[in-house]
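Structure at a glance
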Amino acid sequence: MSRSRQPPLVTGISPNEGIPWTKVTIRGENLGTGTADLIGLTICGHNCLLTAEWMSASKIVCRVGQAKNDKGDIIVTTKSGGRGTSTVAFKLLKPEKIGILDQSAVWVEEMNYYDMRTDRNKGIPPLSLRPANPLGIEIEKGKFPQKDLETLFPGMSADFTSENFSAAWYLIENHSNTSFEQLKMAVTHLKRQANKKSEGSLAYVKGGLSTFFEAQDALSAIHQKLEADGTEKVEGSMTQKLENVLNRASNTADTLFQEVLGRKDKADSTRNALNVLQRFKFLFNLPLNIERNIQKGDYDVVINDYEKAKSLFGKTEVQVFKKYYAEVETRIEALRELLLAKLLETPSTLHDQKRYIRYLSDLRAPGDPAWQCIGAQHRWVLQLMQRCREGCVRDLRAWRYKTPHRVAFVEKLTKLVLSQLPNFWKLWISYVNGSLFSETAEKSGHIERSKNVRQRQNDFKKMVQEVMHCLVRLVRGALLPLSVAEGGGRQHAGWEVEAELSGQWLAHVIQTLRLTYESLTALEIPTDLLQTVQDLILDLRVRCVVVTLQHTAEEIKRLAEKEDWVVDSEGLTSLPCQFERCVLLSLQSLRGVLECKPGEASVFQQPRTQEEVCQLSINIMQVFIHCLEQLSCKPDADVDTAHLSVDISSPDLFGSIHEDFSLTSEQRLLIVLSNCCYLERHTFLNIAEHFEKHNFQGIEKITQVSMASLKELDQRLFENYIELKADPIVGSLEPGIYAGYFDWKDCLPPTGVRNYLKEALVNIIAVHAEVFAVSSGLAPRVLSRVLEAVSEELSRLMQCVPSFSRDGALQARLEICTLRDTVAAHLTPESRSSFKQALEALPQLSSAADRKLLEELLSRVESGMHLQLACFQAAPPPAAKT
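Residues numbered from 1 in each chain as written. Predicted model: local features only at pLDDT ≥ 70, side-chain atom pairs only at ≥ 80, totals over all residues. Heavy atoms only, no water.

Bringing the pattern of salt bridges into the picture now. Counted by the stated rule, this structure contains 28 salt bridges. The shortest N-O distance in the salt bridge between Glu307 and Arg364 comes to 3.9 Å. Here Glu307, found in helix 8 (residues 299–313), pairs with Arg364, found in the loop between helix 10 (350–362) and helix 11 (369–394); they are 57 residues apart in sequence, far enough to count as distant. Linking Glu333 and Arg336 is a salt bridge whose minimum nitrogen-to-oxygen distance equals 2.8 Å. A residue pair is termed a helical-turn pair when its members lie 3 or 4 positions apart in one helix, as Glu333 and Arg336 do in helix 9 (residues 319–344) at 3 residues. Taking relative accessible area as the criterion, Glu333 reaches 34% and is therefore assigned partly exposed. Taken together, the shared-partner salt bridges connect Lys264, Asp268 and Arg271 into one network. (Salt bridge = Lys/Arg side-chain N within 4 Å of Asp/Glu carboxyl O. Helix = DSSP H or I, 4+ residues; strand = E, 2+ residues; numbered from the N terminus. Buried < 20%, exposed > 50% of the residue type's maximum accessible area, 1.4 Å probe, protein only.)

In this section: the packing of aromatic side chains. Under the defined criterion, the tally for this structure stands at 16 aromatic pairs. Summarising the aromatic geometry, the rings of Trp425 and Phe460 are spaced 5.6 Å apart at their centres and angled 45° between planes, so their arrangement reads as tilted. Here Phe460 lies in helix 14 (residues 446–479) and Trp425 lies in helix 12 (residues 405–433), a separation of 35 residues in the sequence. Accessibility expressed as a relative area gives 10% for Trp425, which makes it buried. The buried category is assigned to Phe460, whose relative accessible area is 2%. Ring pairing ties together the aromatic residues Trp371, Phe424, Trp425, Trp428 and Phe460, which thus form one cluster. Looking at Lys308, its charged tip hangs above the ring of Phe282, at a distance of 4.6 Å from the centre. One residue, Arg754, lies across the ring of Phe742, its end atom 3.7 Å from the ring centre. (Phe/Tyr/Trp six-rings, centres within 6.5 Å; stacked < 30°, edge-to-face > 60°. Lys NZ or Arg CZ within 6 Å of the ring centre and 35° of its normal.)

Take the pairing of strand 1 (residues 9–14) next. On a regular strand, each side chain points to the face opposite its neighbour's, so the side chains alternate between the two faces of the sheet. Sheet topology note: the strand 1/strand 3 (residues 23–29) ladder contains 5 bridges and is antiparallel. Across the sheet, residue Leu9 finds its bridge partner in strand 3, namely Glu29. Pairing analysis gives 2 bridges linking strand 1 to strand 10 (residues 85–86), with the strands arranged parallel. Bridging from a neighbouring strand, Val10 pairs with Ser86 of strand 10. (Pairing = 2+ DSSP bridges.)

Bringing the confidence of the model for the protein chain into the picture now. Per-residue confidence for the protein chain gives a mean pLDDT of 79; residues scoring 70 or more make up 83%. Segment residues 875–882 is flagged for pLDDT under 50; beyond a separation of four residues in sequence, or across chains, it makes 11 contacts in the model. (pLDDT = per-residue confidence, 0-100. Contact = heavy atoms within 4.5 Å.)

As for its placement among the helices and strands, Val467 is situated in helix 14. A relative accessible area of 1% places Val467 in the buried class. The spatial distance from the C-alpha of Val467 to the C-alpha of Val381 is 7.6 Å, given a sequence separation of 86 residues. Excluding its chain neighbours within four sequence positions, the residues that come into contact with Val467 are His378, Val381, Leu382, Met385 and Leu421.

Our next topic: a nonpolar patch on the surface. Taken together, the side chains of Val318, Val320 and Tyr324 make up a nonpolar region of the molecular surface, amounting to roughly 210 Å² of accessible area. On the secondary structure map, Val320 appears in helix 9. (Patch = residues over 30% accessible without salt bridge, like charges linked within 9 Å, V, L, I, M, F, W, Y side chains within 5 Å. Areas by Shrake-Rupley, 256 points an atom, 1.4 Å probe, with all protein chains shown as cover.)

This brings us to the environment of Thr51. Along the chain, Thr51 turns up in the loop between strand 5 (46–47) and strand 6 (53–56). For Thr51, a relative accessible area of 31% gives the class partly exposed. Measuring from C-alpha to C-alpha, the distance between Thr51 and Leu41 comes to 9.5 Å, with 10 residues separating the pair along the chain. A polar side-chain atom of Thr51 sits 3.1 Å from the main-chain amide nitrogen of Arg63. (Polar contact = N/O pair within 3.5 Å; in protein donor to acceptor, adjacent residues only side chain to side chain.)

A negative phi angle characterises most non-glycine residues, just as the trans form characterises most peptide bonds. Going from Ser14 to Pro15, the amide bond is cis rather than trans, its omega being -5°. Secondary-structure assignment places Pro15 in the loop between strand 1 and strand 2 (17–18). Not every positive phi belongs to a glycine, and Trp21 is a case in point at roughly 70°. Its place among the elements puts Trp21 in the loop between strand 2 and strand 3. The class for Trp21 is partly exposed, based on a relative accessible area of 48%.

Below, the discussion takes up the nonpolar core. Ranked by size, the top nonpolar core spans 186 residues in total, and within it Met385, Leu540, Phe579 and Met798 carry the most contacts. At 14 residues, the largest contribution of residues to this core is made by helix 23 (residues 699–737). Filtering out sequence-adjacent residues up to four positions away, Met798 remains in contact with Ile737, Trp744, Phe804, Ala812, Ile816, Ala838, Ala841 and Leu842. Formed by 17 residues, the second largest nonpolar core is a distinct cluster that contains Ile26, Leu41, Ile43 and Phe90. (Core = buried A, V, L, I, M, F, W, Y, C linked by side-chain atoms within 4.5 Å.)

Below, the discussion takes up the pairing of strand 4 (residues 38–43). Two elements, strand 4 and strand 8 (residues 71–78), share 5 bridges in a ladder whose sense is antiparallel. Looking across to strand 8, one finds that Gly40 is bridged to Thr77. Relative to strand 5, strand 4 runs antiparallel, the two sharing 2 bridges. The residue bridging Thr42 from the neighbouring strand is Asn47, located in strand 5. Between strand 4 and strand 5, which pair antiparallel in sequence order, lie 2 residues; one of them, Cys44, sits at a positive phi of approximately 60°.

The strand order across the open sheet built from 5 strands is 6-7-3-1-10, with neighbouring strands paired in mixed fashion. Each having just a single partner strand, strand 6 and strand 10 make up the two edges of the open sheet.

This brings us to the packing of helix 25 (residues 778–800) against helix 26 (residues 806–822). The N-to-C vectors of helix 25 and helix 26 enclose an angle of 170°; their axes lie 12 Å apart at closest approach. The angle between helix 25 and helix 26 places the two elements in the roughly antiparallel class. Read as a crossing pair, helix 25 and helix 26 show a hand that is left-handed. Contacts between helix 25 and helix 26 involve Val790, Leu794 and Met798 from the first element and Ala812, Ile816 and Leu819 from the second. Counted by class, the contact of helix 25 with helix 26 contains 6 nonpolar, no polar and no charged residues. (Axes fitted to C-alpha atoms, helices over the stretch in contact; angles between N-to-C directions. Parallel < 35°, antiparallel > 145°, perpendicular 65-115°, else oblique. Left-handed = near helix turned anticlockwise from the far one by under 90°. Nonpolar A, V, L, I, M, F, W, Y, C, P; charged D, E, K, R; others polar.)

Given a relative accessible area of 10%, Arg336 falls into the buried group. Those residues in contact with Arg336, other than ones at most four positions away along the chain, are Tyr306, Glu329, Leu360, Leu363, Arg364, Ala365 and Pro366.

Another point: helix 16 (residues 503–522). Three- or four-residue spacings in an α-helix give side chains the same orientation, since the helix completes a turn every 3.6 residues. Spanning 20 residues, helix 16 covers 28 Å between terminal C-alpha atoms, matching the ideal 28 Å at 1.5 Å per step. Buried residues of helix 16: Gly503, Leu506, Val509, Ile510, Thr512, Leu513, Arg514, Thr516, Tyr517 and Leu520, and no others. (Expected span 1.5 Å × (residues − 1).)

Our focus in this paragraph is the packing of helix 23 against helix 25. Across the interface, helix 23 lies against helix 25 with an axial gap of 9 Å and an inter-helix angle of 35°. Crossing hand, helix 23 versus helix 25: right-handed. For the pair helix 23 and helix 25, contact is made by Asp714, Gln715, Phe718, Glu719, Tyr721, Ile722, Ala726, Ile729, Val730, Leu733, Glu734 and Ile737 and by Arg781, Val782, Arg785, Val786, Ala789, Val790, Glu793, Leu794, Arg796, Leu797 and Met798, respectively. For the contact of helix 23 with helix 25, a count of residues per class yields 15 nonpolar, 1 polar and 7 charged.

Written as structure tokens, this is what we have:
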């Protein structure tokens, strides 16, 4: 045979692997010129020419037959080209064994079956029960004795068709030496087999689709051939006979397999039911699992299972699934109610509240559980505050602690607010920013929640304001009952028996409230919501200032009892210093109260407060002035001098006073006058400076009114003392002048001053000594005023004399000049004018002898009384106001 063409060359096959009788398409070059030219086709050494169908010189379709080799070449032989070659290979797979009840698109030949139970081969027909190798890997029998296995697995079996099948026994017996990798392949095989069974008839149809098509094509070709030959028109045709044979075969098969197929259908039904139970056991067990997890508190597990069930069966139309899903919804609804109840329980931590809110959000609870929680927390805080007040009022009469009861109440109330309000505020912040909700709920409900937040913002603001107003009302009811508005009397009820707090405790309360305000501000609560607290602090600051000043006035009233009448070198007792110290300590105690913290207003911003504080400050001054007045007017018998002591720094000018420790009314007047002078020059001015340092208003008014009252008292006491001292001296002048029926017209020539003038000088010296012993600064003022009275009386007496003799005029001039010259250092314009008028009432000296005699007599008097008159010689300070 001569070759006129190139040998065939196979370059491709599709598919490149398969079981016997797989239809393949062969592609290549020079595959023949036609069906007659194709004389040979082998795949893996098996002749496939009978099933070959030549399509073109580059394409042949055929079926793979049974072959010994599992992989081999595709060889095409043609008349024109001879034996060909191949560049590709085909892999032959082992066919799966088909059981008695398995569907198959081809005829199943009888085969030998290896009976594991009898350990011998027997030929059996295809309809017998034929188990297959379930793992799909080579069986390697082990050497374990059968008796040991039966002992190890009592009541079990290695037969996988048995109800008591033991997988461990089967593996030990058949795969004890199998590698782990092969076992993994066996698992993959089992999964593939399970998937095929789950696909059912659809997989069968897919697998045999080509066979059906071929059978259909063959039948169509036969039908067309018979019609062309006219055979179908004859009775008893081949096709009619074939149909009858097939119908009889079908009926016979139905009769034979009716019982088997019935058992198969029942087994399939049972198997399907078990498969459904196994496949959907999650749903069927879910109600019970939900109950158990709820009891254990595993709410996350419940929510996850519910979400899974809802996504799988939420829209199912299967009645059994709908029934079980309804049970699940019932349990979930009960869980929603349980979680909502736990959420609204009080007290509760912020962590638990967030957790329950997230659970309810994930469960799509109706309404707004987070807002319900905020409302419940708000009501709880208000209830706690009311209970705090009621408990403190009940304990009022049995209170035995050092801290005042109302102060302890405020501390307890503010501590309660600071322990509850931060969580309340943080709960709202979490509600606003969405951190209360789970991530899925946050994404799905973001728009709706933003709308809710805008609607709830004013409501929450009212809640915070209500808490703040309740706090302020309760504190006002306890500390400032008069400031509680109408209808708030209930807040004051129960505190009536309490005395008013001192300024010190009010300052402590103010500090407590300030710390509370700072803590609330640190939470970033808007200041407008805390304005009521600021107003309360301001009112308490004002009240603290008022109470402190009132208490200061009360303490100053009691200073009179502390007067010890011990005079220092300046003529002062300790009373002015005690007064100044008392006021200074009072102002120092108010330093923190008067200081303005951030956001606070000045205590003195209101005109009414300024006026009230100014009046209280003036009252403090006037109370002390009244105290001095009381001391100056106290009867001798009321003066307690048992505690008097001598000031060793001052000379003993009291004489016998220090011996019997008794003070006269005149001495008390002098001491009080000395204190008044010191108050005017130093104390009141110092106190005014302290008021100014502490930002008191109306300092000028306080100083003016206080100084006016002090000067009024000083003048009144001074007049009283002058009246006590000057009146006896003035009253003794006229009787002394006319003693012994003295007559200015008929008197002896003067030899010196008469006794009445000496007595007056001695009395004036005694006044000077008494005043100087107390306060040297008072002496000029007192002497000047006494001399005014004496000179005025002397002038009057001289003017009342109708006429003087020469000796009488000389005697009168001698006495007037002696008195004038002796006290010249203490004369005032008024007293000088009186002396001048007295001298003008006398006849003028006409002779030089009279004037010389007058000078001699004056010199003699001065030399005779120079020791007594020495007290008048020192130059005094400028005369004080009289």
